[in-house]
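# Residue-level structural notes
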Amino acid sequence: QVQLVESGGGLVQPGGSLSLSCTASGIIFSIYTMGWYRQAPGKERELVARITSGGTTNYGDSVKGRFTISRDNAKNTVYLQMNSLKPEDTAVYYCNAHMTVRTDYWGQGTQVTVSS
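For the structure given in this document, a descriptive report is provided here. As a convention, each chain's residues are numbered from 1 in the sequence order in which they are written. Confidence filtering applies because this is a predicted model: local features only for residues at pLDDT of at least 70, side-chain atom pairs given and counted only at 80 or more, and all residues used for totals across whole chains, interfaces and linings. Just so you know, side-chain values use all the structure's heavy atoms and leave hydrogens and water out.

### Remarks on the state of the cysteines
Disulfide assignment relies on a single distance test, namely cysteine sulfur atoms paired within 2.5 Å. A complete count under the given rule lists one disulfide for this structure. Note that Cys-22 is cross-linked by a disulfide to Cys-95, the S-S spacing being 2.1 Å. An S-S torsion of about -80 degrees defines the bridge between Cys-22 and Cys-95 as left-handed. Of this pair, Cys-22 sits in strand β3 (residues 18-25) while Cys-95 sits in strand β9 (residues 91-100), and the two are 73 residues apart along the sequence. Cys-95 shares its class with Cys-22; the two are buried. Helix numbers and strand numbers start at the N terminus; a helix is a DSSP run of H or I with at least 4 residues, a strand a run of E with at least 2. Burial classes follow relative accessibility: with a 1.4 Å probe on protein chains only, a residue under 20% of its type's maximum area counts as buried, one over 50% as exposed, and anything between as partly exposed.

### Topic: a nonpolar patch on the surface
Patches draw on residues past 30% relative accessible area with no salt bridge. Two like charges within 9 Å are joined, as are two nonpolar side chains (Val, Leu, Ile, Met, Phe, Trp, Tyr) within 5 Å. Accessible areas in this description were obtained via Shrake-Rupley with a 1.4 Å probe; residue shielding takes into account the shown protein chains only. Any carboxyl oxygen of Asp or Glu that lies within 4 Å of a side-chain nitrogen of Lys or Arg is treated as forming a salt bridge with it. Residues Ile-28, Ile-31 and Met-99 make up a contiguous nonpolar surface patch of about 280 Å² in total accessible area. In this fold, Ile-28 is placed in the loop between β3 and β4 (33-39).

### Description of the packing of aromatic side chains
A pair of aromatic rings is counted whenever rings of Phe, Tyr or Trp (Trp by its six-membered ring) have centres within 6.5 Å, and the orientation is called stacked for planes under 30 degrees apart, edge-to-face for over 60 and tilted otherwise. Counted under the stated rule, the structure contains two aromatic pairs. Between Tyr-32 and Tyr-105, the ring centres sit 6.3 Å apart and the planes meet at 40 degrees, which makes this aromatic pair tilted. Here Tyr-32 is found in the loop between β3 and β4, whereas its partner Tyr-105 is found in strand β10 (residues 103-106), with 73 residues between them in sequence. Using a relative accessible area of 5% as the deciding quantity, one classes Tyr-32 as buried. Note on Tyr-105: relative accessible area 24%, which makes it partly exposed. Both rings, one in Tyr-37 and one in Trp-106, keep their centres 5.1 Å apart while their planes meet at 65 degrees; by these two values the pair is edge-to-face. Of this pair, Tyr-37 sits in strand β4 while Trp-106 sits in strand β10; the two residues are 69 residues apart in sequence, bridging distant segments of the chain. Judged by its relative accessible area of 16%, Tyr-37 is buried. In this scheme, the term charge over a ring applies when either NZ of a lysine or CZ of an arginine sits within 6 Å of the ring centre and within 35 degrees of the ring normal. Of note, Arg-45 hangs over the ring of Tyr-94, and the distance from its end group to the ring centre comes to 3.8 Å. Geometry around Trp-106 places Arg-45 over its ring, the cationic atom sitting 4.6 Å from the centre.

See the structure below:
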């Protein structure tokens with residue numbers, strides 16, 4: 001059974017930092033593209049950042065230069081370091097593991113709230 005477990009969400013002030021983690025089980029983690037997506041109330045889910053099995057990264061335009069995605073294959077974990085957070089970063093953040101259309105998995109999500 002595939003499980004993706006996110007942690008690290010919470011409340012942070014504008015300009016602050018937060019780090020998310022997602023630990024996977026039930027998959028060969030190292031061969032999957034891992035990603036972070038987010039969904040704010042009333043909006044569609046959008047890509048935040050993605051990292052391939054080979055370490056290539058890409059980011060959503062709104063987070064470039066502020067967020068960093070990384071992975072530790074030995075720990076089956078993908079990370080998202082979020083700096084210079086803005087109120088518009090408030091959303092539920094979801095971890096994704098993707099290899100094909102039929103091997104695409106999601107975590108339960110973790111809430112990130114940026115507010116003073």
